[in-house]
Amino acid sequence: MMATTHALAGAAVATVAFVLAPEFAPLAVGAGFLGGLFPDFDIYVGHRRTLHYPVYYSIGAVPALVLAAIGPGPSTVAIAAFLVGAALHSASDVLGGGLELRPWHGHSERAVFDHFNGRWLPPKRWIPYDGAPRDLALAGALAVPTYVASSGMLRLLVGLTLIVSAAYTVLRKPLAEIARQLARLVPARVRPYVPDRYRQSS
(Lines give C-alpha, C1' and ligand atoms only; values in the text may rest on other atoms or scores of the structure.)
Protein backbone atom coordinates (compact mmCIF):
# COMPACT_ATOMS: atom_id res chain seq x y z
CA MET A 1 0.00 0.00 0.00
CA MET A 2 1.01 3.60 -0.53
CA ALA A 3 2.64 5.44 2.36
CA THR A 4 -0.19 7.93 2.06
CA THR A 5 -2.78 5.18 2.55
CA HIS A 6 -1.01 4.10 5.73
CA ALA A 7 -0.83 7.71 6.96
CA LEU A 8 -4.56 8.19 6.37
CA ALA A 9 -5.25 4.91 8.20
CA GLY A 10 -3.30 6.10 11.24
CA ALA A 11 -5.17 9.39 11.20
CA ALA A 12 -8.54 7.67 10.78
CA VAL A 13 -8.02 5.45 13.81
CA ALA A 14 -6.92 8.46 15.85
CA THR A 15 -10.19 10.29 15.16
CA VAL A 16 -11.65 8.33 18.08
CA ALA A 17 -9.98 11.04 20.17
CA PHE A 18 -12.63 13.51 18.98
CA VAL A 19 -15.04 11.50 21.15
CA LEU A 20 -12.79 10.35 24.00
CA ALA A 21 -10.46 13.34 24.44
CA PRO A 22 -11.55 16.18 22.12
CA GLU A 23 -9.02 18.62 23.57
CA PHE A 24 -6.21 16.38 22.27
CA ALA A 25 -7.91 15.21 19.08
CA PRO A 26 -5.95 17.31 16.54
CA LEU A 27 -2.70 16.22 18.18
CA ALA A 28 -3.80 12.59 18.15
CA VAL A 29 -4.76 12.72 14.48
CA GLY A 30 -1.47 14.35 13.54
CA ALA A 31 0.51 11.79 15.53
CA GLY A 32 -1.50 8.93 14.02
CA PHE A 33 -0.80 10.30 10.55
CA LEU A 34 2.95 10.49 11.26
CA GLY A 35 2.94 7.06 12.87
CA GLY A 36 1.26 5.60 9.81
CA LEU A 37 3.90 7.23 7.62
CA PHE A 38 6.97 6.50 9.76
CA PRO A 39 7.78 2.86 8.88
CA ASP A 40 8.23 3.78 5.21
CA PHE A 41 11.17 6.02 6.09
CA ASP A 42 13.21 2.85 5.56
CA ILE A 43 12.30 2.74 1.87
CA TYR A 44 15.94 2.87 0.72
CA VAL A 45 17.52 1.07 3.69
CA GLY A 46 16.15 -2.41 4.28
CA HIS A 47 12.62 -1.55 3.25
CA ARG A 48 9.85 -3.26 5.23
CA ARG A 49 12.46 -4.56 7.64
CA THR A 50 14.42 -1.71 9.20
CA LEU A 51 11.51 0.34 10.58
CA HIS A 52 8.67 -2.14 10.12
CA TYR A 53 7.77 -4.05 13.30
CA PRO A 54 4.34 -5.68 12.94
CA VAL A 55 4.56 -7.31 16.37
CA TYR A 56 6.67 -4.93 18.47
CA TYR A 57 4.78 -1.76 17.56
CA SER A 58 1.57 -3.54 18.49
CA ILE A 59 3.00 -4.67 21.82
CA GLY A 60 4.22 -1.15 22.55
CA ALA A 61 0.88 0.39 21.60
CA VAL A 62 -1.02 -1.50 24.32
CA PRO A 63 0.64 0.09 27.39
CA ALA A 64 0.79 3.41 25.55
CA LEU A 65 -3.00 3.32 25.09
CA VAL A 66 -3.48 2.39 28.73
CA LEU A 67 -1.32 5.30 29.86
CA ALA A 68 -3.20 7.66 27.55
CA ALA A 69 -6.49 6.46 28.99
CA ILE A 70 -5.35 6.76 32.62
CA GLY A 71 -3.49 10.05 32.24
CA PRO A 72 -4.49 11.79 29.03
CA GLY A 73 -2.08 14.53 28.08
CA PRO A 74 -0.23 15.78 25.00
CA SER A 75 2.65 13.31 25.41
CA THR A 76 0.68 10.19 26.30
CA VAL A 77 -1.94 10.77 23.61
CA ALA A 78 0.63 11.57 20.90
CA ILE A 79 2.80 8.54 21.70
CA ALA A 80 -0.18 6.20 21.76
CA ALA A 81 -1.55 7.50 18.45
CA PHE A 82 1.89 7.33 16.84
CA LEU A 83 2.46 3.72 17.91
CA VAL A 84 -1.00 2.65 16.80
CA GLY A 85 -0.40 4.22 13.39
CA ALA A 86 3.01 2.54 13.05
CA ALA A 87 1.61 -0.80 14.21
CA LEU A 88 -1.27 -0.60 11.77
CA HIS A 89 1.09 0.22 8.91
CA SER A 90 3.52 -2.60 9.69
CA ALA A 91 0.82 -5.21 10.18
CA SER A 92 -1.25 -4.21 7.15
CA ASP A 93 1.67 -4.36 4.70
CA VAL A 94 1.01 -8.09 4.55
CA LEU A 95 -2.28 -7.30 2.80
CA GLY A 96 -0.49 -5.72 -0.16
CA GLY A 97 1.97 -6.90 -2.78
CA GLY A 98 5.48 -8.24 -2.41
CA LEU A 99 8.71 -6.32 -2.03
CA GLU A 100 9.75 -5.77 -5.64
CA LEU A 101 10.04 -2.92 -8.11
CA ARG A 102 7.02 -4.15 -10.08
CA PRO A 103 4.81 -5.86 -7.50
CA TRP A 104 1.99 -6.31 -10.04
CA HIS A 105 4.07 -9.18 -11.47
CA GLY A 106 3.63 -11.06 -8.19
CA HIS A 107 7.12 -12.60 -8.08
CA SER A 108 8.14 -11.66 -4.52
CA GLU A 109 6.90 -13.58 -1.50
CA ARG A 110 8.24 -10.99 0.94
CA ALA A 111 5.64 -8.56 2.26
CA VAL A 112 7.03 -7.45 5.63
CA PHE A 113 9.63 -8.83 8.02
CA ASP A 114 8.40 -10.22 11.32
CA HIS A 115 11.27 -9.63 13.75
CA PHE A 116 9.46 -11.46 16.55
CA ASN A 117 9.43 -14.73 14.59
CA GLY A 118 12.50 -13.96 12.47
CA ARG A 119 10.89 -14.45 9.06
CA TRP A 120 9.33 -12.65 6.12
CA LEU A 121 5.55 -12.72 5.98
CA PRO A 122 4.15 -13.49 2.49
CA PRO A 123 1.91 -10.96 0.72
CA LYS A 124 -1.83 -11.61 0.52
CA ARG A 125 -2.19 -9.15 -2.39
CA TRP A 126 -5.67 -7.96 -1.39
CA ILE A 127 -4.27 -4.61 -2.52
CA PRO A 128 -2.33 -5.88 -5.57
CA TYR A 129 0.44 -3.27 -5.34
CA ASP A 130 1.13 0.17 -3.94
CA GLY A 131 -0.53 2.73 -6.17
CA ALA A 132 -3.10 0.30 -7.54
CA PRO A 133 -6.58 1.76 -8.18
CA ARG A 134 -7.81 -0.36 -5.27
CA ASP A 135 -5.17 1.28 -3.09
CA LEU A 136 -6.39 4.74 -4.09
CA ALA A 137 -9.98 3.73 -3.34
CA LEU A 138 -8.91 2.55 0.12
CA ALA A 139 -7.07 5.82 0.71
CA GLY A 140 -10.22 7.72 -0.22
CA ALA A 141 -12.32 5.68 2.20
CA LEU A 142 -9.80 6.12 5.00
CA ALA A 143 -9.75 9.88 4.44
CA VAL A 144 -13.45 10.24 5.20
CA PRO A 145 -13.39 9.93 9.03
CA THR A 146 -10.61 12.48 9.45
CA TYR A 147 -12.08 14.89 6.94
CA VAL A 148 -15.52 14.74 8.56
CA ALA A 149 -14.31 14.96 12.15
CA SER A 150 -11.69 17.67 11.68
CA SER A 151 -11.38 21.13 10.18
CA GLY A 152 -8.77 23.65 9.07
CA MET A 153 -5.23 22.38 8.61
CA LEU A 154 -6.16 18.75 9.18
CA ARG A 155 -8.72 18.85 6.39
CA LEU A 156 -6.13 20.50 4.17
CA LEU A 157 -3.65 17.75 5.05
CA VAL A 158 -6.19 15.08 4.12
CA GLY A 159 -6.94 16.78 0.81
CA LEU A 160 -3.27 17.18 -0.12
CA THR A 161 -2.60 13.57 0.84
CA LEU A 162 -5.35 12.38 -1.50
CA ILE A 163 -3.95 14.52 -4.32
CA VAL A 164 -0.51 12.97 -3.82
CA SER A 165 -2.11 9.52 -3.72
CA ALA A 166 -3.95 10.11 -6.99
CA ALA A 167 -0.82 11.42 -8.70
CA TYR A 168 1.20 8.44 -7.54
CA THR A 169 -1.47 6.05 -8.76
CA VAL A 170 -1.30 7.59 -12.23
CA LEU A 171 2.50 7.55 -12.30
CA ARG A 172 3.20 4.29 -10.45
CA LYS A 173 4.08 2.06 -13.38
CA PRO A 174 6.06 4.69 -15.33
CA LEU A 175 8.02 5.45 -12.14
CA ALA A 176 9.13 1.83 -11.94
CA GLU A 177 10.61 2.05 -15.43
CA ILE A 178 12.30 5.36 -14.60
CA ALA A 179 13.82 3.79 -11.47
CA ARG A 180 15.07 0.85 -13.52
CA GLN A 181 16.75 3.17 -16.02
CA LEU A 182 18.30 5.32 -13.29
CA ALA A 183 19.68 2.23 -11.57
CA ARG A 184 21.65 1.48 -14.72
CA LEU A 185 23.36 4.87 -14.49
CA VAL A 186 24.61 4.42 -10.94
CA PRO A 187 28.44 4.12 -10.78
CA ALA A 188 29.73 0.62 -10.03
CA ARG A 189 31.21 1.65 -6.68
CA VAL A 190 27.81 2.88 -5.52
CA ARG A 191 25.70 0.01 -6.84
CA PRO A 192 26.09 -2.16 -3.69
CA TYR A 193 24.19 0.56 -1.80
CA VAL A 194 21.26 0.56 -4.21
CA PRO A 195 18.35 -1.58 -2.89
CA ASP A 196 18.25 -5.07 -4.40
CA ARG A 197 14.87 -4.56 -6.05
CA TYR A 198 16.34 -1.79 -8.21
CA ARG A 199 19.58 -3.57 -9.06
CA GLN A 200 17.89 -6.84 -9.89
CA SER A 201 15.51 -5.04 -12.24
CA SER A 202 18.16 -3.00 -13.98
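The rules behind the values
Throughout, residues of each chain are indexed from 1 in the direction in which the sequence is written. Side-chain atom pairs in this predicted model are given and counted only at pLDDT of 80 or more, local residue features only at pLDDT of at least 70, and totals for whole chains, interfaces and linings cover all residues. Excluded from the side-chain calculations are hydrogens and water; all other atoms, namely the structure's heavy atoms, are used. Where helices and strands are cited, they refer to DSSP runs of H or I of at least four residues and of E of at least two residues respectively, numbered from the N terminus. Helix span is expected to be 1.5 Å times the residue number reduced by one. For every residue, the accessible area (1.4 Å probe, protein chains only) is compared with the maximum for its type, and the residue is labelled buried under 20%, exposed over 50%, or partly exposed between those bounds. In this description, contact between two residues means that some pair of their heavy atoms is separated by no more than 4.5 Å. Buriedness of a pocket was judged along seven lines, with at least five required to meet protein on both sides within 12 Å; pockets are open sets of points on a 1 Å grid over the protein atoms alone, cavities are sets where a 1.4 Å probe fits but cannot get out, and lining residues have an atom within 4 Å of a point. Grid points are joined across faces, edges and corners, and a volume is the space filled by probe spheres set on the points. Residues are grouped as follows: Ala, Val, Leu, Ile, Met, Phe, Trp, Tyr, Cys and Pro are nonpolar; Asp, Glu, Lys and Arg are charged; every other residue, Gly included, is polar. Aromatic rings from Phe, Tyr and Trp, with only the six-membered ring used for Trp, were paired whenever their centres fell within 6.5 Å, and each pair was classed as stacked if the ring planes differed by under 30 degrees, edge-to-face if by over 60, and tilted otherwise.

Its 12 residues give helix 1 (residues 3-14) an end-to-end C-alpha distance of 17 Å, which sits within 8% of 16 Å, the value for a rise of 1.5 Å per residue. Taking burial as the measure, the 12 residues of helix 1 include 10 buried ones, the bulk of the element.

Quick look at the environment of M1 now. By secondary structure assignment, the location of M1 is in the segment before helix 1. Relative accessible area serves as the criterion here: at 9%, M1 is assigned to the buried category. Sequence-wise, M1 and A111 are 110 residues apart; in three dimensions their C-alpha atoms are separated by 11 Å. Those residues in contact with M1, other than ones at most four positions away along the chain, are H6, S92, D93, I127, D130, D135 and L138.

What follows is about the layout of surface pockets. Over the atoms, a rolled probe matching the size of one water molecule traces out where space is still vacant. Counted as a void, the second largest pocket has a volume near 330 Å³. Every element with two or more residues in the lining of the second largest pocket is listed here: helix 1, helix 2 (17-20), helix 4 (56-70) and helix 5 (74-92). Each residue belonging to the lining of the second largest pocket can be placed in one class, and the counts come to 15 nonpolar, one polar and no charged.

Given two aromatic rings, their pairing is described by the distance between the two centres and the angle made by the two planes. Applying the stated rule across the entire model yields seven aromatic pairs. Ring centres 5.5 Å apart and planes at 55 degrees place the aromatic pair F38 and F82 in the tilted group. You can see F38 sitting in the loop between helix 3 (25-37) and helix 4 and its partner F82 sitting in helix 5, a full 44 residues away along the chain. The exposure class assigned to F38 is partly exposed, which follows from its relative accessible area of 24%. Assessed through its relative accessible area of 27%, F82 is described here as partly exposed. Centroid distance Y53 to Y56: 6.3 Å. Interplanar angle 50 degrees. Geometry classified as tilted. The exposure class of Y53 is partly exposed, given its relative accessible area of 24%.

So far we have only geometry, and geometry alone does not tell us how the molecule works.
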